[in-house]
Amino acid sequence: MNITDILFTRFRARYPVIWLESFDDPRVYQTLKEICKADKYNLYRWSVVEGLVELGLNMDTVLPVGDKKMDGQQMLSELLNRMDSYNKEIFVLEGANDLLGHSEIKILLKRIAIDLPHSRKSMHLILISPKANLPLDLVRYVDLLSFPDCDSEDYGLILEGISEELKLELSEAIREKLVYEASGLTSVEAQRIYTLAACETSLGEGAVNVVRREKARIEKKMDILSTGKL
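Participant: Explain helix H7 (residues 172-181) here, please?
Facilitator: Because the α-helix completes a turn every 3.6 residues, residues three or four places apart line up on one side. Here H7 has its buried residues at Ile174, Leu178, Val179 and Glu181. Seen along its axis, H7 keeps its buried residues to an arc of 165°; they face one direction.

Participant: Teacher, can you tell me more about the pattern of salt bridges here?
Facilitator: Two side chains of opposite charge can pair, provided their charged atoms sit close to one another. Under the defined criterion, the tally for this structure stands at 16 salt bridges. Between Glu205 and Lys177 there is a salt bridge; the shortest N-O distance is 3.2 Å. On the criterion of sequence distance, the pair formed by Glu205 in the loop between helix H8 (187-201) and helix H9 (207-227) and Lys177 in helix H7 is long-range, its members being 28 residues apart. Given a relative accessible area of 39%, Lys177 falls into the partly exposed group.

Participant: I'm lost on the sheet that holds strand E5 (residues 88-94) in this one. Help?
Facilitator: By definition, the strands of a sheet pair up through backbone hydrogen bonds, in either a parallel or an antiparallel sense. Strand order in the open sheet formed by seven strands is E4-E3-E2-E5-E6-E1-E7, and the pairing between neighbours is mixed. The sheet is open, and its two edges are formed by strand E4 (62-64) and strand E7 (143-146), each paired on a single side. Averaged over all adjacent pairs, the angle separating strand axes in this sheet is 30°, with direction ignored. Alignment of strand E2 (residues 41-47) against E5, held across six bridges, turns out to be parallel. Paired with Arg45 across the two strands is Val92, which belongs to E5.

Participant: Hey, could you run me through the pairing of strand E3 (residues 51-55) in this one?
Facilitator: Within a regular strand, the side chains alternate between the two sheet faces. For E3, the tally of buried residues reaches four of five residues, placing the bulk of the element in the interior. Hairpin connection from E2 to E3: three residues lie between these consecutive antiparallel strands. Of the pairings in the sheet, the one linking E3 to E4 comprises three bridges and is antiparallel in character. Paired with Glu54 across the two strands is Leu63, which belongs to E4. The turn linking E3 back onto E4 is made up of six residues.

Participant: Looking at this structure, I do not really get the packing of aromatic side chains. What am I missing?
Facilitator: Two measures describe an aromatic ring pair: the distance that separates the ring centres and the angle between the ring planes. The final tally for this structure, using the stated rule, is two aromatic pairs. With a centroid separation of 4.8 Å and an interplanar angle of 15°, the aromatic rings of Tyr44 and Phe91 are classed as stacked. With Tyr44 in strand E2 and Phe91 in strand E5, the pair connects residues that are 47 residues apart, well separated along the chain. By relative accessible area, which is 1% here, Phe91 ends up buried. Across from the ring centre of Tyr29, 5.5 Å away, lies the NZ or CZ of Arg45, which sits over that ring. In this structure, Arg82 is placed above the aromatic ring of Tyr44, and the distance from its NZ or CZ to the ring centre is 5.0 Å.

Participant: Sorry, what's going on with unusual backbone geometry here?
Facilitator: Apart from glycine, the bulk of residues carry a negative phi angle, and the bulk of peptide bonds sit in the trans form. We note that Lys167 has phi near 55°; this positive angle belongs to a residue other than glycine. Assignment of secondary structure puts Lys167 in the loop between helix H6 (152-165) and H7. Classification of Lys167 by relative accessible area gives exposed; the value is 72%. For Leu203, which is not a glycine, the phi torsion comes out positive at approximately 60°. Turning to its location among the elements, Leu203 is positioned in the loop between H8 and H9.

Here is what the cut-offs are and how they apply
- Residues numbered from 1 in each chain as written.
- Predicted model: local features only at pLDDT ≥ 70, side-chain atom pairs only at ≥ 80, totals over all residues.
- Heavy atoms only, no water.
- Buried < 20%, exposed > 50% of the residue type's maximum accessible area, 1.4 Å probe, protein only.
- Helix = DSSP H or I, 4+ residues; strand = E, 2+ residues; numbered from the N terminus.
- Arc of directions from axis to C-beta.
- Salt bridge = Lys/Arg side-chain N within 4 Å of Asp/Glu carboxyl O.
- Pairing = 2+ DSSP bridges.
- Axes fitted to C-alpha atoms, helices over the stretch in contact; angles between N-to-C directions.
- Phe/Tyr/Trp six-rings, centres within 6.5 Å; stacked < 30°, edge-to-face > 60°.
- Lys NZ or Arg CZ within 6 Å of the ring centre and 35° of its normal.

As structure tokens, then:
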């Protein structure tokens, strides 16, 4: 069962709060948009930067909701206030780890987890971050899923888009090597590195070395961040 099917089933089962661990926000939103289109949900996003906005499902449009609701506590309270809505709704909360130090946020999240399954229409709260940092008093209330990394199909589509945009020929042999070497990269990283390889080598044989070089730099950066050693 893929992540789309897993989320689809959980939404049907009225799971109220789901934390998705992922470095790849664009793919998370793409998956949520596909589910929303298929099952007629409205999709919202909240962050401390832009407040509460509604996301377009067919185009990358962003529409502010009301007075923007810049405060995280205000946004979660708004979600509870919408339980009588006649619309099916999914809310994505960004920056959850930064908010969980506030007791008010933890209390609201617990209340949402308990109350949301009883809303008039299906409603859900999605939290996104690379690593969940759940306090003990919320562990049993929040479902935790690891969003899968890009696969070979994802990398292939990114490559094809770049080659078409830059009008470059891409041989099947090099395509296979580039897809293989990108394993573990996010879609954003792959887009950036493949584009760099295209600029440096026109997606010729040397493109493989570019991907290896840039991937090694990312891995070194992640090692430094995890160990604290240069």
